[in-house]
Amino acid sequence: MTFAAPVSIAELSAGLAAGELRVADLIGDVSARIQAFNPIYRAFSHLAADVDAQVMQRQDELRTGRVRSALHGIAVSVKGNIPLAGLPWTEGSAIYADRVATQDAGIVARVRAAGGVMMGTTTLSELAMYGVVNPFEPLGLNPWDIARTAGGSSTGAGVAAALGMGQLHIGTDSGGSIRNPACHCGVVGFMPRIGALTLEGKPNHAPSLSSVGLIARSVADVSLGFGVLAPAPPRGLERGPRLLVLRQLIDAMCDVETQVLFDAALGRLVSAGFTCIDVDIPFWLEGERAAGVVSLAESGAALARMDLARASAGIRARCAAAARLSTGEVAAARATAALLRRDVAAALRYVGADAILTPTWPFAAPRIDDATVTVRGMSVPVDPHRNCFVRTANAIDACAITLPMGLYPDSGVPAGLHLMADGGSELRLLAVAALAEAVMPALSPAPPLRSGN
């Protein structure tokens, strides 16, 4: 099977509504891709048994003139920590190896009400706590280079989007978990503010940080999905885009290849009429580190309530590390995050900016077993260096999006452009991202590398 140019959800929806496309043909193509690519790339952990019944119902509704929404007949997946009735609900952990979801999470119910076809659940880091391997449920593999990480924890969602194994993919993000795999797989990952997409029925191991979001092949597709699934989105863009660029931070944290790609992207934006203003936001990295402390504390509290006998060594180590945190450390981290939220809002407001612009990661997707990378001749740990741009959004309950900005010339894997705005500015951020996407280079060659047949 070859990789065809993607067709937008809006185009597919129009074809379905006009009778020019049958739901069975659309879902049949997605199912064929899953059959061909999943044995290698491991995007899906469990497939829904009732896909054919869903297809028949959606086609019958179209035949009688009932179109539920622009997602009617569209293939949707959900991350394996979000319950999908009738399927194993493992959260990617042996702890829950025997658990089966008895009812849909709220976001799944909304997809069904909108007429989407639920294809199944996608692979993830254990308990949605970032990790590049999962001994219980093997993670999805990067379709650009299977030796390199595909990111986490919404790993399978990013892989599925890159390989056309569905049109819309639902994930969760408590520290970059949607944006990381989207970046490395060369697709778009969108994290709205906490609660903009319903959290009902989803386990919440980091409630101060975790949001439900979307991964798809384009900004238009995540925008459409968000517009259908969000209950009451705010207003969008009303003037030319203005961006804050964290120049000092970018210069300090990025390797040369990333900086070259980012500078080229920045040049394209300026040429397209974007106003880009260099700024320094004090305590940015301190806020990012604070998110790490809060994440450890909250996830540790959740782990302490679980029977960890079947958990991986990494999860048990995380629980032990959380137990060593003091109350004062956690309180200080929360205070730092609150101050950063104030400062970010003030910086955006001061110049009337729409978003903050950075790379998504400061270096290319590392090899799966790499603990360090080289940045400007220095060896630095992958963790926490990789978090320097993405996790701040979680610390301050912002909205954020990553979109492709090109390929690294040496490794041939995608690089991401990251935009972050105040929570509540989701539609404005999406409008800015759509304008940015229009001037970014197309990724070529495109995955997949091979099929399992």
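Just so we're clear, the structure is a prediction, and the values are computed from it rather than from any experiment.

A. The arrangement of the packing of aromatic side chains in detail. One pass over the full model with this rule turns up 3 aromatic pairs. Ring centres of F190 and F226 lie 5.3 Å apart, and the angle between their planes is 85°; on these two criteria the pair is classed as edge-to-face. Within this pair, whereas F190 is found in strand 5 (residues 188–191), its partner F226 is found in helix 7 (residues 219–229), the two being separated by 36 residues in sequence. An identical accessibility class is assigned to F190 and F226; each is buried. Between W361 and F363, the ring centres sit 5.6 Å apart and the planes meet at 80°, which makes this aromatic pair edge-to-face.

B. Up close: helix 5 (residues 155–162). For helix 5, a buried count of 8 out of 8 residues is recorded, marking the element as mostly surrounded by other parts of the structure. Turning to helix 5, its buried residues are T155, G156, A157, G158, V159, A160, A161 and A162. In this structure, the buried residues of helix 5 make contact with helix 2 (23–41), strand 1 (44–47), strand 3 (117–122), strand 4 (168–173), helix 6 (179–185) and strand 6 (211–216).

C. Summary view of the pattern of salt bridges. One pass over the structure, following the stated rule, counts 20 salt bridges. The shortest N-O distance in the salt bridge between D98 and R310 comes to 3.7 Å. With a gap of 212 residues between them, D98 in the loop between strand 2 (75–79) and helix 4 (106–113) and R310 in the loop between helix 10 (284–304) and helix 11 (313–323) connect regions that are remote in the sequence. On the basis of relative accessibility, which here comes to 64%, the residue D98 falls in the exposed class. Across the salt bridge formed by R148 and D145, the nearest N and O atoms sit 3.3 Å from each other. The same class applies to R148 as to D145, namely buried. One salt-bridge network, held together by shared partners, links R58, E61, R66 and R68.

D. Spotlight on the environment of A216. Checked against the element boundaries, A216 lands in strand 6. On the basis of relative accessible area, A216 is assigned to the buried category, the value being 0%. Setting aside residues no more than four positions away along its own chain, A216 makes contact with A161, Q167, L168, V187, V188, D221 and V222.

E. Looking closely at the nonpolar core. If you look at the biggest cluster of nonpolar residues, it comprises 116 residues, and the most contacted ones within it are I401 and L419. Of all the elements, helix 2 adds the most residues to this core, at 9 residues. If near-sequence neighbours (up to four positions away) are discounted, L419 is found in contact with L243, A355, I356, L357, C399, A400, I401, L403, L429, V432 and A433.

What counts and how
- For every chain, the first residue of its written sequence is number 1, and the numbers climb from 1 along that sequence.
- This being a predicted model, a pLDDT of at least 70 is required before a residue's local features are given, and a value of 80 or more before pairs of side-chain atoms are given or counted; all residues contribute to the totals for chains, interfaces and linings.
- The basis for every side-chain value is the complete set of heavy atoms in the structure, and neither hydrogens nor water enter the calculation.
- Note on aromatic contacts: the rings of Phe and Tyr and the six-membered ring of Trp form a pair at centre separations within 6.5 Å, being stacked when their planes are under 30 degrees apart, edge-to-face when over 60 apart, and tilted otherwise.
- Strands are runs of DSSP state E lasting at least two residues, helices are runs of H or I lasting at least four, and both sets are numbered from the N terminus onward.
- Note on exposure labels: buried denotes an accessible area under 20% of the residue type's maximum, exposed denotes more than 50%, and partly exposed covers the range between, all computed with a 1.4 Å probe on protein chains only.
- Any two residues having at least one pair of non-hydrogen atoms within 4.5 Å are treated as being in contact.
- Any Lys or Arg side-chain nitrogen located within 4 Å of an Asp or Glu carboxyl oxygen qualifies as a salt bridge.
- Among buried residues, the Ala, Val, Leu, Ile, Met, Phe, Trp, Tyr and Cys ones that are joined through side-chain atoms within 4.5 Å form a nonpolar core.

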